[in-house]
Amino acid sequence: MGDFRGLFIGLTTIDIQYFVGEFPKPNLKIKSAPPDIIIGGPAANAAVAFAKLNGNANFVSSVGENVFSKLILDDFHQTNVDFADLAGNKIFSPVLATVVTSLKNGDRNIFTHNPEIINSEIDPEHLIETISPHIVMLDGFYPEFGISVAKLAKQKNIPVVLDCGSWKPQYDELLHFADFVICSENFFPQNAVNSQHTITCLQERKVPHFAISRGEKPILFYHNNCINKVKIHQTEVVDSLGAGDVLHGAFCFYYLKCNDFIKALEKASEVATFSCKYKGTRQWINFFHEGLF
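Anyway, here's the lowdown on the structure attached to this text. (Residues numbered from 1 in each chain as written. Predicted model: local features only at pLDDT ≥ 70, side-chain atom pairs only at ≥ 80, totals over all residues. Heavy atoms only, no water.)

**What about the packing of aromatic side chains?**
Inference 1: Taken as a whole and judged by the stated rule, the model has 21 aromatic pairs.
Inference 2: Here the aromatic rings of Phe180 and Phe251 are separated by 5.4 Å at their centres, their planes lie at 65 degrees, and the arrangement is edge-to-face. Placement of Phe180 in strand β10 (residues 180-184) and of Phe251 in helix α7 (residues 243-258) is noted, with a sequence separation of 71 residues between them.
Inference 3: Given a relative accessible area of 4%, Phe180 falls into the buried group.
Inference 4: Take Phe251: its relative accessible area is 0%, and that puts it in the buried class.
Inference 5: Members of the aromatic cluster, connected to one another through ring pairs, are Phe4, Phe8, Phe50, Phe253 and Tyr254.
Inference 6: Above the plane of the ring of Phe19 lies Lys279, whose end atom (NZ or CZ) is 4.4 Å from the centre. (Phe/Tyr/Trp six-rings, centres within 6.5 Å; stacked < 30°, edge-to-face > 60°. Helix = DSSP H or I, 4+ residues; strand = E, 2+ residues; numbered from the N terminus. Buried < 20%, exposed > 50% of the residue type's maximum accessible area, 1.4 Å probe, protein only. Lys NZ or Arg CZ within 6 Å of the ring centre and 35° of its normal.)

Right under this line is the structure:
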């Protein structure tokens, strides 16, 4: 068991990932190597990253009963993620993501869909009491359950981290409970069209600490009423799939370890960059060890 209890709530996906020499033009059939079938999802990948650094993590998502259930549960077991299923034993349609990744530079296109709405089999208050987490991270999926957990965490002074990949209506409410928001460059609240608009929006909502990850460009962050940057270490990128998720999970670990927003961002960015040296969302964990940087 690790020193910290991290609770992650959100999406699990089945990623079917093809690697191609270059992105196809319309109306072409491209032959590639057989695809990799791997487990993904923003909160799932973040939980795995946290577990790699901490020794274990707690994760709540919907898996249910389907042809991929065993594959998913085996992955969580192998990566030391303690899993609780919102879907229980119900038949549940998994979220599939088809990922086409360039072998030249790791760029990718993703085709996916939103999960089906599910009535939770888990009581949020019992979950918080049982796990007693040191930190909670949400990716915005399964909003009714996630909002309930975020409210309880706020009441108990448990830090709440939001992974904001793209704008979802539920962020209107979730942002009220956030201590830390880590956005992608594509996170645009209503009427926002660029990162400056996003910064203004988060400032207006009085989010105390937030950051915007921008791939290989420096991370923008807001701290003590100032905007600054975290430099990204350059590396040969093989695949950037899940790197943002790794950033979020690693941030949760390092924040608990050092209680410093900026240092946690810096360390987390190093782990996320390291993950880009390997294919898929899991290979990096076989090569990473603490003290590497």
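**Points about the sheet that holds strand β8 (residues 135-138)**
Whenever strands of a sheet pair, they do so through backbone hydrogen bonds, lying parallel or antiparallel.
Inference 1: Strand order across the open sheet formed by 9 strands is β5-β4-β1-β8-β9-β10-β11-β12-β13, with mixed pairing between neighbours. Bordering the open sheet on either side are β5 (81-85) and β13 (226-230), each of which pairs with just one other strand. Strand-to-strand twist in this sheet, taken as the mean axis angle between neighbours without regard to direction, amounts to 20 degrees.
Inference 2: As paired elements, β8 and strand β9 (residues 160-164) share 3 bridges and run parallel to each other. Its bridge partner lying in β9, Leu138 is registered against Leu162. (Pairing = 2+ DSSP bridges. Axes fitted to C-alpha atoms, helices over the stretch in contact; angles between N-to-C directions.)

**Some words on the side chain of Asp179**
Inference 1: Position of Asp179 relative to the elements: it lies in the loop between α5 (171-174) and β10.
Inference 2: A distance of 3.1 Å separates the side chain of Asp179 from the side chain of Lys154, its partner in a polar contact.
Inference 3: A distance of 2.8 Å separates a polar side-chain atom of Asp179 from the backbone nitrogen of Val160. (Polar contact = N/O pair within 3.5 Å; in protein donor to acceptor, adjacent residues only side chain to side chain.)

**So, α7**
Inference 1: Compared with the 22 Å implied by 1.5 Å per residue over 16 residues, the 22 Å span of α7 between its first and last C-alpha is a close match.
Inference 2: Looking at the residues trailing α7, positive phi occurs at Asn259, about 55 degrees. (Expected span 1.5 Å × (residues − 1).)

**Re the nonpolar core**
Inference 1: Membership of the largest hydrophobic core comes to 49 residues, with the highest contact counts inside it found for Phe8, Phe251 and Trp284.
Inference 2: Leave out the neighbours within four places in its chain, and Phe8 touches Ala43, Ala46, Ala47, Phe50, Ala57, Asn58, Phe59, Val60, Met137, Gly249 and Cys252.
Inference 3: Of all hydrophobic cores here, the second largest spans 42 residues; its members include Leu127, Val181, Phe210 and Leu220. (Core = buried A, V, L, I, M, F, W, Y, C linked by side-chain atoms within 4.5 Å. Contact = heavy atoms within 4.5 Å.)

**Some thoughts on the pairing of strand β1 (residues 6-9)**
Residues in a regular strand project their side chains so that they alternate between the two faces of the sheet.
Inference 1: Alternating residues of β1 divide into Gly6 and Phe8 and Leu7 and Ile9, and every residue in both groups is buried.
Inference 2: Sheet topology note: the β1/β8 ladder contains 4 bridges and is parallel. Each residue of the ladder has a partner; that of Ile9, found in β8, is Leu138.

**Overview of the pattern of salt bridges**
Inference 1: Scanning the model with the defined rule gives 9 salt bridges in all.
Inference 2: One salt bridge in this structure joins Lys104 and Glu22, with 3.8 Å as the shortest N-O distance. Pair noted here: Lys104 is in the loop between β6 (95-102) and β7 (108-111) and Glu22 is in the loop between β2 (13-20) and β3 (36-40), with a separation of 82 residues, a long-range link.
Inference 3: Residue Lys104 is classed as exposed on the basis of its relative accessible area, which comes to 63%.
Inference 4: Accessibility expressed as a relative area gives 52% for Glu22, which makes it exposed.
Inference 5: For Lys217, the salt bridge is made with Glu185, and the minimal N-O distance between the two is 2.9 Å. (Salt bridge = Lys/Arg side-chain N within 4 Å of Asp/Glu carboxyl O.)

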